[in-house]
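For reference, the chains in residue letters:
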2 protein chains.
Amino acid sequence: MRDLSGRLDLCCINTATLGHRETIERIAERVARAGFGFVTPWRREIDEAHPQRAAAAIRAAGLKLGGYCRTTYFSADDAAGRRAAIDDNRRAIEVAAELGAPLLVAVVGGLSPHSTDLRGDRQAILDGIAALRPTLRACGVTLALEPLHPFYAADRSLLNTLAQAVDWCEALDDGGPRCIGIALDAYHVWWDPALDASIARAAPHLAAFHVCDWRRETRDPLLDRAMMGDGVIDLRGLRAAVEATGFSGPVEVEIFSRDDWWHRDPDEVLATCAERLQRCC
Amino acid sequence: MRDLSGRLDLCCINTATLGHRETIERIAERVARAGFGFVTPWRREIDEAHPQRAAAAIRAAGLKLGGYCRTTYFSADDAAGRRAAIDDNRRAIEVAAELGAPLLVAVVGGLSPHSTDLRGDRQAILDGIAALRPTLRACGVTLALEPLHPFYAADRSLLNTLAQAVDWCEALDDGGPRCIGIALDAYHVWWDPALDASIARAAPHLAAFHVCDWRRETRDPLLDRAMMGDGVIDLRGLRAAVEATGFSGPVEVEIFSRDDWWHRDPDEVLATCAERLQRCC
């Protein structure tokens, strides 16, 4: 397990942590000044018609790209909707490549409208992901499937456990160069009684590792994530298990916190992330 | 799969569905009048010093007991707290027997205060359950372990999937007469990609089956359950899978709905449950 003390160059700030309040140029400057080595931007912050501008600003700040967030939901109520999602996600992959991001995070989408067909909708999502393989390979980008907490199964993601993500990676393996991986976020998986066994299985697929904390009494299932150390997740134990698989990517902080951290001064947020990464993760 | 049309005698009302607004005598009368065969009361509705009074009222209404809700959390911050929980749960088992309930539902508790030790806390809960076996056997009551949605892992239950519940039943099997089973609630498990396989494994252990529905955009993770048919769960498919294992117990409605059904006239709630059980489950 790596020692993160004095090694913020191994750490990444997902821009959601700062509440999407500033331009990517300004954010990159702050993140670099706080000592971090990586930043992961969201699509809303990038002018996708001219991604080279953001890429240049991030490079000029001295940062590398952790990844790019995120796919449009693959689930839709008809074939046209599914095709539109695939087309949009192809464009996101191209932009990720132009930014220099090694991966695009995939949040796959929940049940399609009016559906109760878990199995059919999951298969439709898998088919959508499979259709992206040629673009991923052409661009040299990994699609990092992110299992989301089961709370979001209906409306955000039918990919809900790490074991399922490994199953999907295996199902999507067509024998060609590997282009599908997994983004593991502590917030979504910490509770899973099968987690240790699943991490071992996930070893060849782990592409990203996200941290934050789960508040013991969560006030909002989407936007009440806690700072590392302020919740109940054994983040150090989880990182040890992840790194024992050989994972050597950045440790990325992603905190959605509408009522707390998103109101604070961005430099305070970054300083707290830095301190907690070294002390609690 | 049983046909529920005209067979409300196979169906059960968990009194939580009515919002705990009336005495058990009044509730039993309403539930019987609406045609149901079973009722499952909560401890708060029973005078545990004189459970025979409630038992007589339920019998007089012509109802059977589906079960009794529920255990005190087994998790606590010290040995004295854990012993107190076990003692309290012993009393609940005795009362279940005096009521004539075949089972006590177990909600096992979340992380103990200030703990991040999932594995240790889960083992402490298992030890607490194991200590109840002599009382369960003496009373002829089954402890029905209810896996709760992963959203509640921190504060309500470290038992979070059906697969884990089966693992716990197997771990708690000491070769004596069976006294531990599983209460499967659609609300908690519908999202699980491993559900079909887990139901097959759970066959010898299934003791109770609860229904309600998951609202596509849930407003509160605890108290915003929907009426069957108003959400995204394939309740008929789930009941088919459960009954294919040989399960022949009642289909029990349990709806926590602070802002909707708990405000409605109890007879309207019961009539809606009756109609939806027959049409949507």
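The sections below set out a description of the structure shown in this document. Keep in mind it's a predicted model, so treat the numbers as computed, not measured.

Remarks on the overall build of chain A
- Across its full length, chain A holds ten helices and nine strands.
- Its C-alpha atoms give chain A a radius of gyration of 18 Å, near enough to 19 Å, the size a compact globule of 281 residues would have.
- Projected onto its principal axes, the C-alpha coordinates of chain A cover approximately 45 × 45 × 35 Å.
- Burial analysis of chain A (281 residues in total) assigns 51% to the buried set.
- For chain A, the proportion of contacts with a sequence separation of at least 24, taken over those separated by at least 6, is 79%.

Overview of the interface of chain B and chain A
- At the interface, 21 residues of chain B touch 21 residues of chain A.
- Residues belonging to the side of chain B that touches chain A are distributed by class as follows: twelve nonpolar, five polar and four charged.

Here we look at the environment of L270 of chain A
Residue and element names in this part refer to chain A.
- Take L270: it is sitting in helix α10 (residues 266-280).
- L270 sits in the buried class, given 23 other C-beta atoms within 10 Å.
- Here the alpha-carbon distance between L270 and T40, two residues 230 residues apart in the chain, equals 14 Å.
- When residues no more than four places from it in sequence are discounted, the contact partners of L270 are I13, R30, V31 and A34.

Examining the sheet that holds strand β7 (residues 180-185) of chain A
Residues and elements named next belong to chain A.
- Here nine strands make up an open sheet; going across it, the order is β3-β2-β1-β9-β8-β7-β6-β5-β4 and the pairing parallel. Every interior strand has two partners, whereas the edge strands, β3 (64-65) and β4 (68-69), have only one.
- As judged from the three bridges shared by strand β6 (residues 142-145) and β7, these two strands associate in the parallel manner. Within the sheet, the bridge partner assigned to A144 lies in β7 and is G181.

With respect to the pairing of strand β1 (residues 11-14) of chain B
All names here are of chain B.
- Residues C11 and I13 point to one face of β1 and C12 and N14 to the other, with burial holding for every one of them.
- Of the strand pairs in this sheet, β1 and strand β9 (residues 251-253) are connected by three bridges, and their pairing is parallel. The residue bridging C11 from the neighbouring strand is V251, located in β9.
- Once the chain exits β1 it traverses helix α1 (residues 24-33) before rejoining the sheet at strand β2 (residues 38-40), and the crossover so formed is right-handed.

Side note on the relation of the copies chain B and chain A
- After a rotation of 180° and a shift along the axis of 0.0 Å, chain B superposes on chain A with an RMSD of 0.0 Å. Taken together, these values place the two copies in the relation of a two-fold axis.
- Most of the interface of chain B is mirrored in chain A: 100% of its interface residues are interface residues there too.

Things to note about the packing of α1 of chain B against helix α2 (residues 51-60) of chain B
Residue and element names in this part refer to chain B.
- Viewed as axis vectors pointing N to C, α1 and α2 meet at an angle of 15°, and their least axial separation amounts to 9 Å. Between α1 and α2, the angle is such that the two are roughly parallel. The way α1 lies across α2 gives a crossing that is right-handed. Counting all contacts with α1, which are made through I24, E25 and A28, the residues of α2 involved are A54, A57 and I58.
- A per-class count over the contact of α1 with α2 returns five nonpolar, no polar and one charged.

Remarks on unusual backbone geometry
- Backbone torsion omega between C69 of chain A and R70 of chain A reads -10°, so that peptide bond is classified as cis.
- Looking at where R70 of chain A falls in the secondary structure, it is placed in the loop between β4 and α3 (79-99).
- Positive phi is not limited to glycine here, since H20 of chain A has a value of about 55°.
- Mapping H20 of chain A onto the fold places it in the loop between β1 (11-14) and α1 (24-33).
- One non-glycine residue with positive phi stands out, namely H114 of chain B, at about 70°.
- Relative to the helices and strands, H114 of chain B is located in the loop between β5 (103-106) and α4 (118-130).

What to know about helix α8 (residues 195-202) of chain A
Residue and element names in this part refer to chain A.
- For α8, the set of buried residues is L195, S198, I199 and A202. Projection of α8 onto a plane perpendicular to its axis shows the buried side chains occupying an angular sector of 105°, all on one side. In α8, the exposed residues that point more than 90 degrees away from the buried face are A197 and A200.
- Turning to α8, the residues buried within the fold contact α6 (162-171), β7, α7 (186-189), β8 (206-211) and α9 (235-244).

A few points about the environment of C212 of chain B
All names here are of chain B.
- Considering the arrangement of structural elements, one finds C212 in the loop between β8 (206-211) and α9 (235-244).
- For C212, a count of 28 C-beta atoms within 10 Å translates into the label buried.
- The spatial distance from the C-alpha of C212 to the C-alpha of A56 is 29 Å, given a sequence separation of 156 residues.
- Setting aside chain neighbours within four positions, we find C212 in contact with A186, Y187, R225, A226, M228, V253, E254 and I255.

Some words on the nonpolar core
- Counting residues in hydrophobic clusters, the biggest one holds 192 residues, and the most contacted among them are V39, L104, A144 and L145 of chain A together with L104, A144 and L145 of chain B.
- Apart from residues lying up to four places away in sequence, L104 of chain A is in contact with G67, Y68, R70, T71, A92, I93, A96, V141, L143 and A144 of chain A.

Considerations on the sheet that holds β2 of chain B
All names here are of chain B.
- Across the sheet, nine strands lie side by side as β3-β2-β1-β9-β8-β7-β6-β5-β4; this open sheet has parallel pairing. Each having just a single partner strand, β3 (64-65) and β4 (68-69) make up the two edges of the open sheet.
- Sheet analysis places β8 next to β9, joined by three bridges and oriented parallel. In the strand pairing of β9, H210 is matched with E252.

Concerning helix α2 (residues 51-60) of chain A
Residue and element names in this part refer to chain A.
- Those residues of α2 lying buried are P51, A54 and I58. Projected down its long axis, α2 shows its buried positions confined to an angular sector of 65°, all on one face. Turned more than 90 degrees off the buried face of α2, the exposed positions are Q52, A56 and A60.
- Each element contacted by the buried residues of α2 is listed here: α1, β2 (38-40), β3 and α3.
- Count one or two residues on from α2 and you reach G62, which has phi positive near 90°.

Here we look at the pairing of β6 of chain A
All names here are of chain A.
- The two faces of β6 match: T142 and A144 on one face and L143 and L145 on the other face are all buried.
- As defined by bridge partners, strand β5 (residues 103-106) adjoins β6 across four bridges and the pair is classed as parallel. Bridged to V105 within β6 is A144.
- Once you follow β6 into α6 and on to β7, the crossover reads as right-handed.

What counts and how
Residues numbered from 1 in each chain as written. Chains lettered and ligands numbered in written order. Predicted model: local features only at pLDDT ≥ 70, side-chain atom pairs only at ≥ 80, totals over all residues. Helix = DSSP H or I, 4+ residues; strand = E, 2+ residues; numbered from the N terminus. Rg over C-alpha atoms; globule rule 2.2 N^0.38 Å. Buried ≥ 20, exposed ≤ 12 C-beta atoms within 10 Å, placed from the backbone. Contact = placed C-beta atoms within 7 Å. Nonpolar A, V, L, I, M, F, W, Y, C, P; charged D, E, K, R; others polar. Pairing = 2+ DSSP bridges. Right-handed = clockwise from strand over helix to strand, strands pointing away. Least-squares fit on C-alpha atoms with pLDDT ≥ 70 in both. Axes fitted to C-alpha atoms, helices over the stretch in contact; angles between N-to-C directions. Parallel < 35°, antiparallel > 145°, perpendicular 65-115°, else oblique. Left-handed = near helix turned anticlockwise from the far one by under 90°. Arc of directions from axis to C-beta. Core = buried A, V, L, I, M, F, W, Y, C linked by C-beta atoms within 7 Å.

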